[in-house]
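Each chain is listed here by its residues.
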Amino acid sequence: MFEGVPLTWFLITGTIMFFVGIYGFLVRKNLITILMSTELILNSVNINFVAFNKILYPGHLEGMFFTIFIIAVAAAEASVAIAIIINIYRRLVSINVEKMDEMKY
Amino acid sequence: MIDFSYTALILLIPLFLFVLVGLFGNRFKPLVSGVIGTSGLFVIWVLSLFTAYKYFFVLEKATDGSFQKLLAVNTVWLHLTDKLHIDMGVLLDPISVMMLIVITTVSLMVHLYSIGYMHGEKGFQRFFAMLSLFSFSMLGLVVATNIFQMYIFWELVGVSSYLLIGFYYTRDTAVAASKKAFIVTRFADLGFLIGILILSYTTGTFDFITLTGSSSPAFSSGQGVWFLGLSTMTWSMIFIFMGGAGKSAMFPLHIWLPDAMEGPTPVSALIHAATMVVAGVYLVARMFPIYIHETAALDIVAWVGAFTSLFAAVIACTQFDIKRVLAYSTMSQIGYMMLALGVSGYGGHEGLGYMASMFHLFTHAFFKALLFLGAGAIIHAVHSNYMNEMGGLRKYLPITHITFLIACLAIAGIPPFAGFFSKDEILVAAFHHNKVLFAMEYAVAGLTAFYMFRLYYSVFWRKEVHYHHTPHEAPATMTIPLIFLALGSTFTGFIPFTKLVTSDGLPFEIHTEWGIAIPSILIAVVGIAVATVFYRKENNIATRLARSMGGFYTAAYHKFYIDEVYLFITKRIIFNYISRPIAWFDRHIVDGTMNGVSYVTNEASFRIRKFQSGQLQQYAIVFVSGTIFLALLFIYLWTN
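Residues numbered from 1 in each chain as written. Chains lettered and ligands numbered in written order. Predicted model: local features only at pLDDT ≥ 70, side-chain atom pairs only at ≥ 80, totals over all residues. Heavy atoms only, no water.

Novice: Before we move on, could you go through the nonpolar core and cite the residues and values that matter?
Specialist: Residues and elements named next belong to chain B. If you look at the biggest cluster of nonpolar residues, it comprises 211 residues, and the most contacted ones within it are Met-287, Tyr-291, Met-358, Ile-378 and Phe-453. With 22 residues, the top contributor of residues to this core is helix H16 (residues 352-382). Ignoring any residue separated from it by four or fewer positions in sequence, one finds Met-287 in contact with Ile-147, Leu-199, Phe-208, Thr-212, Met-237 and Ile-240. (Core = buried A, V, L, I, M, F, W, Y, C linked by side-chain atoms within 4.5 Å. Buried < 20%, exposed > 50% of the residue type's maximum accessible area, 1.4 Å probe, protein only. Helix = DSSP H or I, 4+ residues; strand = E, 2+ residues; numbered from the N terminus. Contact = heavy atoms within 4.5 Å.)

As structure tokens, this is what we get:
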């Protein structure tokens, strides 16, 4: 199905996703969007893993398993993050990241 | 061969009692902890007597017929090198066995007495815990197998003495006295430690049996190196004697002992009269085979002892606090013991002074403990320490009166009481060594009789003072020890010490030298007679005499201003010219550096604290740019 698609394309896709994630993380003020950006970063890594595994080491499964682990961990992380965000909302009545500046000097 | 390993119990039982009463004493009724302490002491008293019997009469002698030096228990505690290691154990030889008896007997009597004396005091359990700690430390000191073990226990007795002097810690004078005692003896112990270090450095061993044996490394090593005209070994012995002098309150390190009388009276009897203060004498006796080779050090021992005994006896004649009189009398008697060691030779009849010293230590423990316990009973009855607030007590305190009289006769050297025999031997030894020392001690014998009977008459005779309530005799727990010790003071003089405790362990014969004994009895009688004239009835002869002596009397009354000299040296000289510059250096240079460092840190962090803004995304930017920077750096490094 992907026969003939070179590794570089996958890597370029991954890189673009990664930096889109970074950009979102740095500039968006909404905590939910920031959380989504981190998911983008994680998934860009997943694409790299799968691509490397499929093309460089066709007989192996480590990359696949790593990806599955990352997806599972990301799910757990998302649930924790959302719980935290809900608590923050209850406290500050806002999910604007700039409002959360209590931990300063 | 008899197994003496059970002697470890003599040390372990008081330690156990200390832990038990110290930790759980407050859960017991006061009386219970008193009884526990006393019965524990009774057990080790019996064990000590049993050990002494076995050691002196059952154990076979060494090949030359002397008493063996026996390692009953020994374990290596700190392994430094194969040759040099610090052991813990029990050494049995005539003097340590004798000390076991002295300590356990007096300690048992004091425990029993304290049940009555300390009745109803706050901290009753604490008192007994400390007494057990003291007994443990003192017993460990005398049975030490090596000089380092001795040093450890030496410090432990210092601590227990500190704790017990400061027993009434709410009283400022008691706190000051305990600190003074601790600091002065600690200062002296510095000398002791230096002595130990020199000794072990030159000989390569701590062990007493090796050190005092006939082929001791102390005789050969350390002789080649000289400093200020004395060999290394002599210096080491002088430093060790400094430790002994501090603990035994020899001039000029005696200033703590009179103040130590702030402690409860049973403590004064146990620690500051009978046991701890003779530790210095014991130390010199223990190292005696080395001292005998270092004649310069031995001369110092003799002269310091003789001077202290005269000095203290003169002061004792002028004091009014009965416990202080007894304290100075203790110093004087310990001076006797030191002198006897100082004039002694080694082996056979030459070692008469050594035997006399140990003999006097033994008898003195009985009559001086008795005097202190008697003084305790008197203070208990009239609630005052000052003899001008007493008088005519013989009607009210019959048992105390009789026992106190016996003790006074014993210390004055009237036969057949114990003090006569031991003091006579000391005088004989001094007479054969040096006539000046003999003359000093002869004068002290007269002074001793005088001040003891001054005390006796002032307390028990004279006119009756008006008491707030009628004084009454002490309870049985207090009078039984008095009676027991009075019996000891009467009969211990007949113990044939020449057969048991001698410098080389071999028995020898002595004959009473009546040429010295009779004059010494005479001067004691003169002293008593003078005291009788002065103090038996109310009169002003003593006051007139004191006035005629003028400055000398005032000086003696103020203890020859030694305390003031110390204060002058410490406050004016050491504080001003040494401590203050050091304090300045500490505050400005050392602390200044530290403060400077913290000031710089503080300022710098104050400047950059805005960096910690609390903004999540700001941190993330720093993190990402850092990562990118590192990534670029690594790529750059790899590609080159």
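Novice: Any chance you could break down helix H12 (residues 279-286) of chain B for me, citing the residues and the numbers?
Specialist: For H12(B), a buried count of eight out of eight residues is recorded, marking the element as mostly surrounded by other parts of the structure. Buried within H12(B) we find B:Ala279, B:Gly280, B:Val281, B:Tyr282, B:Leu283, B:Val284, B:Ala285 and B:Arg286.

Novice: Any chance you could break down the packing of helix H1 (residues 8-24) of chain B against helix H2 (residues 30-58) of chain B for me, citing the residues and the numbers?
Specialist: All names here are of chain B. Following both chains from N to C, one finds H1 and H2 inclined at 175°, their axes separated by 9 Å at the closest point. Accordingly, the angle class assigned to the pair H1 and H2 is roughly antiparallel. From H1, Leu-9, Ile-10, Ile-13, Pro-14, Leu-17, Leu-20 and Val-21 reach across to H2, where they touch Ser-33, Ile-36, Gly-37, Gly-40, Leu-41, Val-43, Ile-44, Leu-47, Ser-48 and Thr-51. By residue class, the composition of the contact of H1 with H2 is 12 nonpolar, five polar and no charged. (Axes fitted to C-alpha atoms, helices over the stretch in contact; angles between N-to-C directions. Parallel < 35°, antiparallel > 145°, perpendicular 65-115°, else oblique. Nonpolar A, V, L, I, M, F, W, Y, C, P; charged D, E, K, R; others polar.)

Novice: For the interface of chain A and chain B, give the residues involved together with the corresponding values.
Specialist: One widely used convention gives an interface's size as the accessible area the parts lose upon coming together. Each partner contributes residues to the interface: chain A has 14 residues there, and chain B has 12 residues. Between chain A and chain B lies a buried interface of about 1100 Å² when both sides are counted; carbon and sulfur atoms form 62% of it. For the pair chain A and chain B, the interface holds zero salt bridges. Inspection of the region where chain A meets chain B yields five residue pairs in polar contact (both at pLDDT 80 or more). Counting residues per element, the side of chain A that touches chain B draws most heavily on helix H1 (residues 7-27) of chain A, at four residues. Class assignment of the residues belonging to the side of chain A that touches chain B gives a composition of nine nonpolar, no polar and five charged. (Buried area = accessible area lost by both parts, 1.4 Å probe. Salt bridge = Lys/Arg side-chain N within 4 Å of Asp/Glu carboxyl O. Polar contact = N/O pair within 3.5 Å; in protein donor to acceptor, adjacent residues only side chain to side chain.)

Novice: Pulling in residues and values, what's your account of the packing of aromatic side chains?
Specialist: Residues and elements named next belong to chain B. Per the stated rule, a full pass over the model turns up 38 aromatic pairs over all chains. Residues Phe-420 and Phe-421 carry aromatic rings whose centres are separated by 5.2 Å and whose planes lie at 70° to one another, so their mutual orientation is edge-to-face. Residue class for Phe-420 comes out buried when judged on its relative accessible area of 5%. On the accessibility criterion, Phe-421 (21% relative accessible area) is partly exposed. One aromatic cluster in this structure is built from Phe-404, Phe-453, Tyr-456, Tyr-457, Phe-460 and Trp-461. For the cation-ring pair, Arg-286 lies above Phe-208, with the distance from its terminal atom to the ring centre recorded as 5.3 Å. The ring of Phe-320 carries Arg-454 above its face, with NZ or CZ at 5.1 Å from the centroid. (Phe/Tyr/Trp six-rings, centres within 6.5 Å; stacked < 30°, edge-to-face > 60°. Lys NZ or Arg CZ within 6 Å of the ring centre and 35° of its normal.)

Novice: How would you summarise the layout of surface pockets if you had to cite specific residues and measurements?
Specialist: All names here are of chain B. Roughly 670 Å³ of internal volume is contained in the largest pocket. Around the largest pocket sit 28 residues that line it, and Met-261, Glu-262, Asp-321, Arg-324 and Asn-385 are the ones nearest its centre. Looking at the lining of the largest pocket, the elements that each hand over two or more residues are helix H6 (172-203), helix H15 (322-342), H16 and helix H25 (562-607). No other element matches the three residues that H6 contributes to the lining of the largest pocket. (1 Å grid on protein atoms, 1.4 Å probe; cavity = no way out; pocket = protein on both sides within 12 Å on 5 of 7 lines; lining within 4 Å. Points joined across faces, edges and corners; volume = space filled by probe spheres on them.)

Novice: Explain unusual backbone geometry residue by residue, including any values.
Specialist: Residues and elements named next belong to chain B. Geometrically, the link from Phe-251 to Pro-252 is a cis peptide bond, its omega value of 0° lying close to zero. On the secondary structure map, Pro-252 appears in the loop between helix H9 (232-247) and helix H10 (256-259). A cis geometry characterises the amide bond from Pro-415 onward to Pro-416, with omega recorded as 5°. Mapped onto the secondary structure, Pro-416 falls in the loop between helix H17 (398-412) and helix H18 (418-433). The phi dihedral of Ala-249 is positive, around 55°, even though this residue is not glycine. Tracing the chain through its elements places Ala-249 in the loop between H9 and H10. Its relative accessible area of 0% is what places Ala-249 among the buried residues.

Novice: Pulling in residues and values, what's your account of the pairing of strand E2 (residues 85-92) of chain B?
Specialist: Residues and elements named next belong to chain B. Within E2, seven of the eight residues are buried, which leaves the element mostly enclosed by the surrounding structure. Bridge analysis of strand E1 (residues 70-79) against E2 gives eight bridges, and the strand direction is antiparallel. Bridge pairing in E2 places Thr-75 opposite Met-88. (Pairing = 2+ DSSP bridges.)

Nothing here speaks to function; it is geometry throughout.
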